[in-house]
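# Close look at the chain arrangement
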Amino acid sequence: MWDKIAAHISESTAETFSIDNRRSVSGGCINQGYAISSASGTYFAKINQASQVAMFEAEALGLQQMGETQTIRVPKPICWGTEGNSAYIVLEWLDLGGRGGDLSWEEMGRKLAQMHKYSFSNPGQVRGYSAGTRRGEPPLQPGGEEGKYNFFNRGFGWDINNTIGSTPQINNWTANWAEFWAEHRIGYQLKLAERRGGHFPKGERLLEVIPEFLAGYEPQPSLVHGDLWGGNAGVTSAGEPVIFDPAAYFGDREVDIAMTELFGGFPASFYRGYNDVWPLDLGYEKRNFFYNLYHILNHFNLFGGSYQSQAAQTIDRILG
């Protein structure tokens, strides 16, 4: 497998690469991660079962679209594919050893706000998925105007489904944000929870009130990271903020900000930087619990345990 990966890197970069050193590093909750090196440089490789190659393809698309905004730094995808029983993706290696002071986190907030603004301020500048792409090639349509999509006019969603953790994330294009969130986020997670044996007796009532809950609120579609907790953000040794491991789609920008608050929160300087560029809308303090319910339900579906009671309490809070 490693010879195949080295050859694929060489083909993708047009530079000969042979793996002289390979060491295990964190690959997140569901993948094996490796730093692979030669005299010419180092790359980050993630490995999973061959059946998960579509997950890596979607990750590559998300990173490429985020990178095209030329706002916040993301690792550049190099190549991906399968070999035997394994799927792999190779990414640019970034040294995330930086501690990240206030200036770095404030810059992260500013850059994220710029990414959120870019996608609807420049609706024809982000390219879309090409279904005819060969495995391991960039899953974007060709450059030039013919390859660019006006996502702003398509509404909320994404060209393909992806994953949130290892859970499928449905991204069917939907014109109305409340409908998208009810059907493809909360409703889908509640269906998965029922199959898992979860008990959320107020779930149906919650779905009924989503249009009312979001009445009068009409967010613009922004390219969002989709899974922006502390484990998917970092700072390089040079102090540059980086985000990675996206579950990208076009949605309300507030979903990213809400998730940064879910597991302890980002430093205050992050939120200061974000609001300096694009202040959050009135009512966010109420919507953030609503948006984070999606991730709490997903954690129940992935891990079970106390997440059921946390989700039930959040539903009670939303319904009042």
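The following paragraphs examine the structure supplied in this document. (Residues numbered from 1 in each chain as written. Predicted model: local features only at pLDDT ≥ 70, side-chain atom pairs only at ≥ 80, totals over all residues. Heavy atoms only, no water.)

Spatial ordering of the open sheet is given by β1-β2-β3-β5-β4, a layout of five strands whose pairing is antiparallel. In the strand order of this sheet, the two ends are held by β1 (21-25) and β4 (77-83), each with one partner. Across the sheet, the mean angle separating the axes of adjacent strands is 25° when strand polarity is ignored. As judged from the six bridges shared by β4 and strand β5 (residues 86-92), these two strands associate in the antiparallel manner. Within β5, the position partnered with C79 by the bridge is V90. (Pairing = 2+ DSSP bridges. Helix = DSSP H or I, 4+ residues; strand = E, 2+ residues; numbered from the N terminus. Axes fitted to C-alpha atoms, helices over the stretch in contact; angles between N-to-C directions.)

A few words on the packing of helix α5 (residues 177-196) against helix α6 (residues 203-213). Between α5 and α6, whose axes approach to 9 Å, the crossing angle comes to 170°. In this view, α5 runs roughly antiparallel relative to α6, as classed from their interaxial angle. Along the contact surface, α5 presents A178, A182, I186, G187 and L190, while α6 presents G203, L206, L207, I210 and P211. The class makeup of the residues in the contact of α5 with α6 is eight nonpolar, two polar and no charged. (Parallel < 35°, antiparallel > 145°, perpendicular 65-115°, else oblique. Contact = heavy atoms within 4.5 Å. Nonpolar A, V, L, I, M, F, W, Y, C, P; charged D, E, K, R; others polar.)

Let us look at the packing of α6 against helix α10 (residues 307-319). Packing of α6 against α10 leaves a shortest axis separation of 11 Å and a crossing angle of 45°. Considering their axes alone, α6 and α10 lie oblique with respect to each other. Seen along the crossing, α6 lies across α10 with a hand that is left-handed. Residue-level contacts link R205, L206, V209 and F213 of α6 to I315, I318 and L319 of α10. For the contact of α6 with α10, the per-class residue count stands at six nonpolar, no polar and one charged. (Left-handed = near helix turned anticlockwise from the far one by under 90°.)

Right, let's get into the packing of aromatic side chains. Evaluated as defined, the whole model comprises 20 aromatic pairs. An aromatic cluster is defined as three or more aromatic residues linked by ring pairs; in this entry it consists of F156, W177, F180, W181, F213, Y249, F290, Y291 and Y294. For the cation-ring pair, R22 lies above Y34, with the distance from its terminal atom to the ring centre recorded as 6.0 Å. Across the ring face of F289, the terminal group of R317 is positioned such that the distance to the ring centre comes to 3.5 Å. (Phe/Tyr/Trp six-rings, centres within 6.5 Å; stacked < 30°, edge-to-face > 60°. Lys NZ or Arg CZ within 6 Å of the ring centre and 35° of its normal.)

A few words on unusual backbone geometry. Look at A14: it is not a glycine, yet its phi comes out positive at around 60°. As for its position among the elements, A14 is in the loop between α1 (2-13) and β1. Despite not being glycine, Q70 shows a phi value in the positive range, around 55°. Tracing the chain through its elements places Q70 in the loop between α2 (53-68) and β4. In this structure Q70 comes out as exposed when scored by relative accessible area, which is 73%. (Buried < 20%, exposed > 50% of the residue type's maximum accessible area, 1.4 Å probe, protein only.)

Turning to the nonpolar core, a few remarks are in order. Core analysis: the biggest nonpolar cluster contains 71 residues, and W177, W181, I186, L214 and Y291 have the highest contact counts within it. Those residues in contact with I186, other than ones at most four positions away along the chain, are W181, L206, L207, I210, F290, L293, Y294 and L297. Counting residues in hydrophobic clusters, the runner-up holds 14 residues, among them W2, A6, Y43 and I47. (Core = buried A, V, L, I, M, F, W, Y, C linked by side-chain atoms within 4.5 Å.)

Another point: α2. Each full turn of the α-helix corresponds to 3.6 residues, which orients residues three or four apart in the same direction. Over its 16 residues, α2 runs 23 Å from end to end, which matches the ideal 22 Å to within 8%, given 1.5 Å per residue. Counted residue by residue, α2 has 14 buried out of 16 residues, so it is predominantly covered. Taken from the residues just after α2, Q70 is the one with a positive phi, measuring 55°. (Expected span 1.5 Å × (residues − 1).)

Further remarks concern the side chain of Q189. With respect to the helices, strands and loops of the structure, Q189 is situated in helix α5. Of the polar contacts made by the side chain of Q189, one reaches the side chain of N301; its length is 2.7 Å. Leaving out residues up to four positions away in the same chain, Q189 has contacts with I164, T167, Y294, L297, N298 and N301. (Polar contact = N/O pair within 3.5 Å; in protein donor to acceptor, adjacent residues only side chain to side chain.)

Time to look at the environment of E83. The residue E83 is located in strand β4 in this model. On the basis of relative accessibility, which here comes to 32%, the residue E83 falls in the partly exposed class. The residues contacting E83, other than those within four sequence positions of it, are M1, K4 and Y88.

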